[in-house]
Amino acid sequence: RFPVSLTPVCEDSPRLAKMYLNSKEDRLRMLIALGVIVGIVAILFLLRFRLTARLLGLPPASCGIRVERGVMAPMRDGVKLASDLYLPKDDGPFPTLLARLPYKRRGLVTTLSSGAVARRGFAVVTQDTRGRYGSEGAFEPFVAERQDGADAIAWVEKQPWFNGTLGMWGGS
């Protein structure tokens, strides 16, 4: 039996019903169910990077990370593109992965995978493309991508945490 009784608000409209917790037993069942849900969400939150690493088939984490959000990378025409950096806490330099995204650099999948990869000794740069989210400029798909991509690579190459090895990845 469902732990909550539904009582119609009025006889004329049986489709409209209001939820009532009719007894102490119903209230206790609802509190227990809510506590279980909150507990499951908390566990998933705490294990988010481990679960992501397992889904991606990554080896065990080797270090902690630090995250720098909203770092602005300059392009040759003066436009600045918003980037988030996921860096191992260990001393660098590090091999680096660059992801340039029109979908939002702080999306759930990007954030989880970037953190999981950085915990394995890689620097990860996620960057909003021109005109998207935190980046400056106008969004015109495929117009400035080649130039901006080259400028983003040049910017990464100048960073003190970069070791000379660069890979790119993304969702499409």
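All values reported here derive from a predicted model rather than from experimental measurement.

Our next topic: the overall build of the protein chain. Helix and strand counts for the protein chain come out as four helices and seven strands. Ordered by position from the N terminus, the helices and strands of the protein chain form the series β-β-α-α-β-β-β-α-β-α-β. Counting contacts in the protein chain only where the partners sit at least 6 residues apart, residues at least 24 apart contribute 65% of the total. Accessible surface for the protein chain amounts to roughly 11000 Å². Of this, 61% is attributable to carbon and sulfur atoms.

Along any regular strand the residues' side chains alternate between the sheet's two faces. Most of strand 5 (residues 94-101) sits out of view: seven of its eight residues are buried. Bridge count between strand 5 and strand 7 (residues 162-168): four bridges; the pairing is parallel. Counted as the bridge partner of Leu 98 is Met 168 from strand 7. Two elements, strand 5 and strand 6 (residues 123-128), share six bridges in a ladder whose sense is parallel. Residue Ala 99 lies in a different strand from strand 6, and its bridge partner there is Thr 126.

Among the nine residues in strand 4 (residues 80-88), eight count as buried, and that is most of the element. One ladder, built from eight bridges, connects strand 3 (residues 65-74) with strand 4; its direction is antiparallel. Each bridged residue has a counterpart across the sheet, and for Ala 73 the counterpart in strand 4 is Leu 81. Counting the residues that bridge the hairpin from strand 3 to strand 4 gives five residues, and of these Gly 78 lies at a positive phi of roughly 95 degrees. Judged from the four bridges that link them, strand 4 and strand 6 form a sheet pairing that is antiparallel. Along strand 6, the bridge assignment pairs Tyr 86 with Val 124.

Parameters at a glance
- Residues numbered from 1 in each chain as written.
- Predicted model: local features only at pLDDT ≥ 70, side-chain atom pairs only at ≥ 80, totals over all residues.
- Heavy atoms only, no water.
- Helix = DSSP H or I, 4+ residues; strand = E, 2+ residues; numbered from the N terminus.
- Contact = heavy atoms within 4.5 Å.
- Areas by Shrake-Rupley, 256 points an atom, 1.4 Å probe, with all protein chains shown as cover.
- Buried < 20%, exposed > 50% of the residue type's maximum accessible area, 1.4 Å probe, protein only.
- Pairing = 2+ DSSP bridges.

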